[in-house]
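Results of the structural survey
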Amino acid sequence: MTLLALAVAGRGVVDADEPVLHADDEGLLRGRAAFETMRVYGGRAFRLDDHLDRLAASAERIGLADVDRDALRALADEALGAAAADEAVLRLLWTAGRAGSAPVGLALVSAIGEDWDAVRERGVRLVSLLGVKADAPWLLGGVKSTSYAVNMAAEAEARRRGADDAVFVDADGVVLEGPVTNVWWRRGDTLFTPSLELGVLAGVTRATLLDAAPALGYRVEEGTFRLADMAGADEALTSSSVREVLPVVELDAAPVADGRPGRAARDLQAALRAAAGPHGRVR
Ligand SMILES: Cc1ncc(COP(=O)(O)O)c(C=O)c1O
């Protein structure tokens, strides 16, 4: 994803190519930084306040100094103004800084790296990979920290196996989430998604879809479910801020239902774009 604009707390917009962190920043040395990634529609970040809430919660769990929400909101505005892009990705970063010093806040605006609408048309193929049910506090379940090397390695493993993405399943076969997505599936008019009690990330898109589902005629069950439930569903899908709603057409090399994108994926994608306002609806 090409970096379009960069703003640094206390400094404002700087050249996107300028180095802005110290080499001994704890975020870099140990992955002790919280981050958020959100979608920009019509030049505005979607559900920025929800992302700031989650960033603040992540920072607290990692033991970072309190997030300065007002400063980061202003920083996001500055970066978005400098990028002047209607459709983009906004990242907020709150790193520990170097030992004994103040945290560093960054706002990065990037171009959307991939044509996700084209991916949406054909659907994605998932493979299940062993993941950890992060239900002990030190496992940092539900925390969005920059220690994402495991998630990126899982994506790479999925591609190595000829799929597009992974879904983590714990040692007991319980479905968790994807490396950067929440997962869902449908039977009849009921949508199923793993409970936050399993330590999965409380996706902002997940929350948007939970809100939208009843008006679309779907009831939702959050709980502890096995991979076989997902594999035998009428359809499956993933949700995330950048990729939005993606239909899952294959799981572990077998088609999900008829192997074609399903109606709930289409309905929920439309509802997400409607929630994003007039700019979300254009495409
Ligand atoms: C592990 C994980 N689960 C779920 C999500 C989806 O969250 P959101 O809808 O807030 O983008 C993400 C987003 O990056 C993630 O990293």
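Details of the structure are given in the entry above.
Below, the structure is looked at part by part. (Residues numbered from 1 in each chain as written. Predicted model: local features only at pLDDT ≥ 70, side-chain atom pairs only at ≥ 80, totals over all residues. Heavy atoms only, no water.)

Turning next to the sheet that holds strand 1 (residues 3–8). Within the open sheet, the six strands sit side by side as 2-1-6-5-3-4. Their pairing is antiparallel. Looking at strand neighbours, the two that pair on one side only are strand 2 (12–14) and strand 4 (44–45), the edges of this open sheet. Sheet analysis places strand 5 (residues 88–95) next to strand 6 (residues 104–110), joined by seven bridges and oriented antiparallel. Paired with Arg91 across the two strands is Leu108, which belongs to strand 6. Strands in contact with helix 2 (residues 48–62) are strand 3 (33–41), strand 4 and strand 5; relative to strand 3, the strand with the most contacts, it is inclined by about 170 degrees. Against the sheet, helix 3 (residues 69–83) engages strand 1, strand 2, strand 3, strand 4, strand 5 and strand 6, with an angle of about 30 degrees to strand 6. (Pairing = 2+ DSSP bridges. Helix = DSSP H or I, 4+ residues; strand = E, 2+ residues; numbered from the N terminus. Contact = heavy atoms within 4.5 Å. Axes fitted to C-alpha atoms, helices over the stretch in contact; angles between N-to-C directions.)

This paragraph deals with helix 2. Over its 15 residues, helix 2 runs 21 Å from end to end, which matches the ideal 21 Å to within 8%, given 1.5 Å per residue. Of the residues making up helix 2, those classed as buried are Leu48, His51, Leu52, Arg54, Leu55, Ser58, Ala59 and Ile62. Around the axis of helix 2, the buried residues are gathered within 165 degrees of arc, so they sit on the same side. Of the surrounding elements, those touching the buried residues of helix 2 are strand 3, strand 4, helix 3, strand 5 and helix 6 (204–212). The first or second residue beyond helix 2 is Gly63, which carries a positive phi of 85 degrees. (Expected span 1.5 Å × (residues − 1). Buried < 20%, exposed > 50% of the residue type's maximum accessible area, 1.4 Å probe, protein only. Arc of directions from axis to C-beta.)

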